[in-house]
Amino acid sequence: MKDYKLIFAVLTVAFVWGTTFLAIRVAVETIPAWFVAGIRQFLAAIIMLIILLSRKEFKWIGWKSLGYQIVFATLMLVIANGMTTVAEETVSSSLASLISACSPILVFLGSLAVGLQKFSVRAFLGVLLCFSGILFIFWDGLQDLANPDYRMGMIFMFCAITGWASGTIFTKKLNIQSGNITLNLFYQFLFAGIVQIILAFLFSGNYNFENWTFKSISAMLYLSVFGSVAAFFAFHYALTKISPVQVSILAYINTIIAIFLGWLIMDEQISMKFILAAALIICGVFIINYKPEMFRRQKVV
């Protein structure tokens, strides 16, 4: 607890990633979703490039490594992040964050399918709890599915968590070495930003730039500087000090913060069924990912 840098890093990750769902919701109020996602990633790439040049670490990573970065960026940034952004045009930030919290279910099931994970009764019970929470979500908002925009938003969210889970499994299956993480991120952000901006011009029917409000632009810049860059560096600093399973606990805090902020700032309705669904999903994901070392004290170096 004497490592104030570690405390600051952990709080940064927990708070910033918890606010990204709210920031996306604010940004897409006047800016088409693919523009929000694309400009966010492209600006993050520029920031990464500046950091790399200042450190004299910018270089070509080779075609093989570039191929890995493109696949990873497609799954994690273009599909997962991009489709979450598109979904929040019609789905509340609190609901989007709760569905995103379900991604470890797909990671577990996918890892089981490709032989990266062994079946266990504990994990199976966790999956059942998560699915129970998902049923409560649909039970609470079943009538909303009659709205085609809302229905498409939900489809985009499930595509998003599928992309995130696939990217996670892809990395684990190939055992890809991180190397220079900042350099890899530059290529990922650059590729995703270019692709998403192209998608923005193709699929955004009305992108009158004069309609973009200062509030939405500020939210988009916040996502780029803090959501994509600052939180990432804080996350990896935390990984150098504590174990990955301990850092993973932050995911549960992120969801709670996102739901609370959606209710507080955006006046999103939170019913008792929604709270119960959140509790079931968070408990289920925790059970799936539980390891004894989560709460074991680590020696800070």
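About the cut-offs
- Residues numbered from 1 in each chain as written.
- Predicted model: local features only at pLDDT ≥ 70, side-chain atom pairs only at ≥ 80, totals over all residues.
- Heavy atoms only, no water.
- Helix = DSSP H or I, 4+ residues; strand = E, 2+ residues; numbered from the N terminus.
- Buried < 20%, exposed > 50% of the residue type's maximum accessible area, 1.4 Å probe, protein only.
- Areas by Shrake-Rupley, 256 points an atom, 1.4 Å probe, with all protein chains shown as cover.
- Patch = residues over 30% accessible without salt bridge, like charges linked within 9 Å, V, L, I, M, F, W, Y side chains within 5 Å.
- Salt bridge = Lys/Arg side-chain N within 4 Å of Asp/Glu carboxyl O.
- Expected span 1.5 Å × (residues − 1).
- Core = buried A, V, L, I, M, F, W, Y, C linked by side-chain atoms within 4.5 Å.
- Contact = heavy atoms within 4.5 Å.
- Phe/Tyr/Trp six-rings, centres within 6.5 Å; stacked < 30°, edge-to-face > 60°.
- Axes fitted to C-alpha atoms, helices over the stretch in contact; angles between N-to-C directions.
- Parallel < 35°, antiparallel > 145°, perpendicular 65-115°, else oblique.
- Left-handed = near helix turned anticlockwise from the far one by under 90°.
- Nonpolar A, V, L, I, M, F, W, Y, C, P; charged D, E, K, R; others polar.

Peer 1: Please set out the overall build of the chain residue by residue, giving values where relevant.
Peer 2: Tallying secondary structure elements over the chain gives twelve helices and zero strands in all. The N-to-C order of helical and strand elements in the chain reads α-α-α-α-α-α-α-α-α-α-α-α. By the burial criterion, 47% of the 301 residues in the chain qualify as buried. Summing over all exposed atoms, the chain offers an accessible surface of approximately 15,400 Å²; the carbon and sulfur share of this is 71%.

Peer 1: Tell me what's going on with a nonpolar patch on the surface, and back it up with residues and numbers.
Peer 2: A cluster of nonpolar side chains, namely F42, I46, I50, I194, I198, L202 and F203, defines an oily patch on the protein surface of about 690 Å² accessible area. Elements with a contribution of two residues or more to the nonpolar patch: α2 (33-55) and α8 (181-203). Per element, the largest residue contribution to the nonpolar patch is four residues, and it comes from α8. Topologically, F42 is positioned in helix α2.

Peer 1: I'd like a rundown of the pattern of salt bridges, residues and numbers included.
Peer 2: Charged atoms that come close allow side chains of opposite charge to pair. Counting across every chain of the model gives two salt bridges. Note that E29 and K215 form a salt bridge whose closest N and O atoms lie 3.5 Å from each other. On the criterion of sequence distance, the pair formed by E29 in the loop between α1 (4-27) and α2 and K215 in helix α9 (residues 214-241) is long-range, its members being 186 residues apart.

Peer 1: Residues and numbers for helix α12 (residues 272-289), please.
Peer 2: The first and last C-alpha atoms of α12 sit 26 Å apart over 18 residues, in line with the 26 Å expected at 1.5 Å per residue. The complete set of buried residues in α12 reads F274, A277, A278, L280, I281, I282, G284, V285 and I288.

Peer 1: I'd like to hear about the nonpolar core, residue by residue, with values.
Peer 2: Among the nonpolar cores identified, the biggest contains 40 residues, and V36, M48 and F189 are the most heavily contacted of them. When residues of this core are traced back to their parent elements, those giving at least two are α1, α2, α3 (63-87), α8, α9 and α11 (250-265). By residue number, the principal contributor to this core is α2, which donates nine residues. Sequence-distant contacts of F189, that is, excluding residues within four places in its chain, are made with Q41, F42, A44, A45, M48, L77 and S228.

Peer 1: Could you give an account of the packing of aromatic side chains, with specific residues and numbers?
Peer 2: The final tally for this structure, using the stated rule, is 13 aromatic pairs. Between the aromatic rings of F186 and Y187, the centroid separation amounts to 5.1 Å while the plane-to-plane angle is 70 degrees, which identifies the pairing as edge-to-face. We classify Y187 as buried; its relative accessible area is 11%. Judged by centre distance (5.3 Å) and plane angle (70 degrees), the ring pair of F232 and F233 falls under edge-to-face. Residue class for F232 comes out buried when judged on its relative accessible area of 12%. Of the aromatic side chains, those joined through ring pairs into one cluster are F58, W60, W63, F186 and Y187.

Peer 1: Describe the packing of α2 against α8, naming the residues involved and giving the relevant values.
Peer 2: In contact at an axis separation of 7 Å, α2 and α8 are set at 155 degrees when each is read in the N-to-C sense. One finds that α2 runs roughly antiparallel with respect to α8. The handedness of the crossing between α2 and α8 comes out as left-handed. Of the residues contributing to the contact of α2 with α8, the split by class is 23 nonpolar, five polar and one charged.

Peer 1: Which residues make up unusual backbone geometry, and what values do they have?
Peer 2: Of note, the phi angle at K56 is positive, near 60 degrees, even though the residue is not glycine. Although it is not a glycine, D267 sits at a positive phi angle of roughly 60 degrees. Here D267 shows up in the loop between α11 and α12.

Peer 1: How would you summarise the environment of G163 if you had to cite specific residues and measurements?
Peer 2: Looking at the element boundaries, G163 is found in helix α7 (residues 148-174). Considering only alpha carbons, one finds G163 and M76, 87 residues apart in sequence, at a separation of 6.0 Å. G163 has contacts with L75, M76, I79 and A80, leaving out every residue within four places of it along the chain.

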